[in-house]
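What the coordinates show
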Amino acid sequence: MTHKKQSLAYIISASSVGTLIEWYDFYIFGSLATVLSTKFFPTDNPTAAFLNTLATFAAGFVVRPFGALVFGRLGDLIGRKYTFMVTLMLMGGATFAIGLIPSYASIGAFAPMLVLALRLLQGLALGGEYGGAATYVAEHSPDEKRGFYTSWIQTTATVGLIISLGVIMITKASMTKEDFDAFGWRIPFLLSALMVLVSFIIRRNMSESPLFEKAKEEGNISANPLKESFGHKLNLKYVLLALFGATMGQGLIWYTGQFYAQTFLIKICNIDDTQANTIMVIGLLIGTPLFIFFGGLSDKIGRKGIMLAGMLLGVLFYRPIFEKMYQTVNLSNKEKVISTEKIDRKMTAIDGTSDSLLTTTISAAYTDGTQFKKVIKVTKLADATKEAPKADEKTTLIINSSDKWTLIGMIFFLISFVTMAYGPIAAFLVELFPTKIRYTSMSLPYHIGNGIFGGLMPAIATFLVTQAKDANKKAEAAGEAALYAKPYLEGLNYPIALAAICFVIGLIYIKGTGRHMAE
Amino acid sequence: MNTIKKILGILWIALGIGAGYYLVISQALPLWKSGGNDLVPAIIYTFILAPLITLGMSTFGYYAVTGEFNSESK
């Protein structure tokens, strides 16, 4: 019994470490989007470069379902272990290679093309990895502990995100801003090779899943997992049920709580990047053990209720929580110390042209300790007949300790919804499909729900906020009343609407499972 | 409960088609016309979300209407 327990601990840790590294690899791209946009895209239009970087980042999400199909099929044909070894190496290789790509300034358009190709490989690899690891652990777990054991796999995405933020923060702290900009940003990518090597060594001695081995011995392996999964109504209806009744809502809750919250703090609340990332990391660290708690609880009271409760809480409380976050740092609620207000103006020549750049820096302190800084950059063209580029404005706030802990509390609430929706879902999905098509069948709805509906959420929400702000500006210019009272909350309509639909479908169509694996 | 499941199936089909129309005609079309930075969300709405929601929800709704989820739901 002791031996069996040790083996299970080894199985879970070896599977989890590999999956964690894949999430790390996947997320460092997003966490470094701002700096990557200046390296791999033309810098004459920073906004377009940033959007192109986000589009490249999003391409990795969109391609995940294809990875689920390709590697899911392999996993159901040749086995779980070999397939997720391949995805691990593919992910590590692609990430390492991104760290080696010369900049746009060196190789021109090849740079963004190479980045896109490698990002697609990352997405394909992740599409194959998660389903393999979840299936592998689930197939080793007893029925009464499956939620608990697979919940360790569920922590990997969050821990991968924490590590990616941590590695970037440490790398930044260990060098000057100029060095990080010149070469330091490559370090988190290159570090992946070392992590993957360690994971490969840990994983290579793992044995194949016992349920897959049994199915193989009995000749019960699917000859065509894709056709069986999606070509037959009997399975396709469960794939759709898993997607619209569980993974769609779960993906939206996950990305709203863990990714959009970060975007909201930085882009909408204007909190300093490092401070916002610190808030996120602390909130994530406090919340992460809840994945294990809710995974274990699902073994006792069922998966459905916990997952749906996470979605419902998101639907009900997203607007109040994000409103609280916004108002916590809203400068109109604070009192400025007039004597601290400073305005500096500096005119510098733009190299290689006769144009110049006017940089205006406005700074001030507030009575509660908040520090405000706004930098406005305006290009002054020598040729007055030409149209000058739009002024670039950046506001940064450094908030006080009390506000910081309020925000950490809000992030913790968001993460707790994530852990409810996400903690039990691996066990729920593997129990829905039979062994011979499990890898394929569970991977696709997971990666459509999590990767596409969820992964695109921050980009869509940011766009909706921008659209609402623009509409208000136009109305103001026309002398009309603002169309949106709280434009900064408009992005939440997308996750709230779809998570509500998912909740209703899940509530009505998913029956509480008996926690037995389908044969 | 089975009757509710079937009736709601019609709602899912309508929702799938309605969401597709809303995303492509109301949201994406103006973005395609304005071009520039708006092309990224236009592409997402037109080629990713609209087909996924329309086809997926309609098929799910069809299965619900035809009673596929009545006795075998898990």
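This structure is a prediction, so every number in the text was calculated from the model and none was measured.

Side note on the overall build of chain B
Of regular secondary structure, chain B possesses two helices and zero strands. By the compact-globule yardstick of 11 Å for 74 residues, chain B is too spread out, its C-alpha radius of gyration being 16 Å. Seen through its principal axes, chain B has C-alpha atoms that stretch 50 × 20 × 15 Å. Relative to its 74 residues, chain B shows a buried fraction of 34%. Sequence separation of 24 or more characterises 77% of the internal contacts of chain B that already satisfy a separation of 6 or more.

Describing the overall build of chain A
Helices and strands together make up the secondary structure of chain A, namely 21 helices and four strands. Taken against the 2.2 N^0.38 rule, which gives 24 Å for 519 residues, the C-alpha radius of gyration of chain A at 24 Å falls within 12% of a compact globule. Across its three principal directions, the C-alpha atoms of chain A cover 80 × 50 × 45 Å. Within the span of chain A, comprising 519 residues, buried residues form 49% of the whole.

Digging into the sheet that holds strand β4 (residues 392–398) of chain A
Residues and elements named next belong to chain A. The four strands lie next to each other as β1-β2-β3-β4, forming an open sheet whose pairing is antiparallel. Since the sheet does not close on itself, it has two edges, and those belong to β1 (336–349) and β4, each with one partner. Recorded for the sheet is a direction-independent mean angle of 10 degrees between the axes of neighbouring strands. One ladder, built from ten bridges, connects strand β2 (residues 356–366) with strand β3 (residues 371–380); its direction is antiparallel. From the neighbouring strand, serine 356 faces β3, where its bridge partner is lysine 380.

A short note on the packing of helix α14 (residues 273–287) of chain A against helix α17 (residues 401–422) of chain A
Residue and element names in this part refer to chain A. Their axes nearest at 8 Å, the elements α14 and α17 cross at an angle of 45 degrees. Relative to α17, the element α14 lies oblique. Read as a crossing pair, α14 and α17 show a hand that is right-handed. Every residue of α17 that contacts α14 at Ile279, Met280, Ile282, Gly283, Leu284, Ile286 and Gly287 is listed here: Lys404, Leu407, Ile408, Ile411, Phe412, Ile415, Ser416 and Thr419. Of the residues in the contact of α14 with α17, the class split is ten nonpolar, four polar and one charged.

Let's talk about the interface of chain B and chain A
Chain B puts 18 residues into the contact, and the matching count from chain A is 21 residues. Secondary-structure elements contributing two or more residues to the side of chain B that touches chain A are α1 (2–34) and α2 (39–65) of chain B. Examining the composition of the side of chain B that touches chain A, we find that ten residues originate from one element, α2(B), more than from any other. Each residue belonging to the side of chain B that touches chain A can be placed in one class, and the counts come to eleven nonpolar, four polar and three charged.

Re the environment of A:Lys304
Residues and elements named next belong to chain A. Among the secondary structure elements, lysine 304 is positioned in helix α16 (residues 303–329). A count of 20 C-beta atoms within 10 Å places lysine 304 in the buried class. Residues lysine 304 and phenylalanine 503, 199 residues apart in the sequence, show an inter-C-alpha distance of 10 Å. The residues touching lysine 304, leaving out its near neighbours within four places in the chain, are Gly506, Ile510 and Gly512.

Focus: unusual backbone geometry
Unlike most non-glycine residues, A:Asn270 shows phi in positive territory, near 60 degrees. Note on placement: A:Asn270 falls in the loop between α13 (233–268) and α14.

Thoughts on the confidence of the model for chain A
Per-residue confidence for chain A averages 88 on the pLDDT scale, and 96% of its residues sit at or above 70. Confidence over residues 1–6 of chain A falls short of pLDDT 50; this stretch has zero contacts with residues more than four positions distant or in other chains.

Considering the packing of α16(A) against helix α21 (residues 493–509) of chain A
Residue and element names in this part refer to chain A. In contact at an axis separation of 9 Å, α16 and α21 are set at 150 degrees when each is read in the N-to-C sense. The pairing of α16 with α21 is recorded here as roughly antiparallel in orientation. Here α16 and α21 pass one another in a crossing that is left-handed. Residue-level inspection shows Lys304, Met307, Leu308, Met311, Leu312, Gly314, Val315 and Tyr318 of α16 in contact with α21, the latter providing Pro495, Ile496, Ala499, Ala500, Cys502, Phe503, Gly506 and Leu507. Here the contact of α16 with α21 is composed, by residue class, of 13 nonpolar, two polar and one charged.

Cut-offs used in this document
- Residues numbered from 1 in each chain as written.
- Chains lettered and ligands numbered in written order.
- Predicted model: local features only at pLDDT ≥ 70, side-chain atom pairs only at ≥ 80, totals over all residues.
- Helix = DSSP H or I, 4+ residues; strand = E, 2+ residues; numbered from the N terminus.
- Rg over C-alpha atoms; globule rule 2.2 N^0.38 Å.
- Buried ≥ 20, exposed ≤ 12 C-beta atoms within 10 Å, placed from the backbone.
- Contact = placed C-beta atoms within 7 Å.
- Pairing = 2+ DSSP bridges.
- Axes fitted to C-alpha atoms, helices over the stretch in contact; angles between N-to-C directions.
- Parallel < 35°, antiparallel > 145°, perpendicular 65-115°, else oblique.
- Left-handed = near helix turned anticlockwise from the far one by under 90°.
- Nonpolar A, V, L, I, M, F, W, Y, C, P; charged D, E, K, R; others polar.
- pLDDT = per-residue confidence, 0-100.

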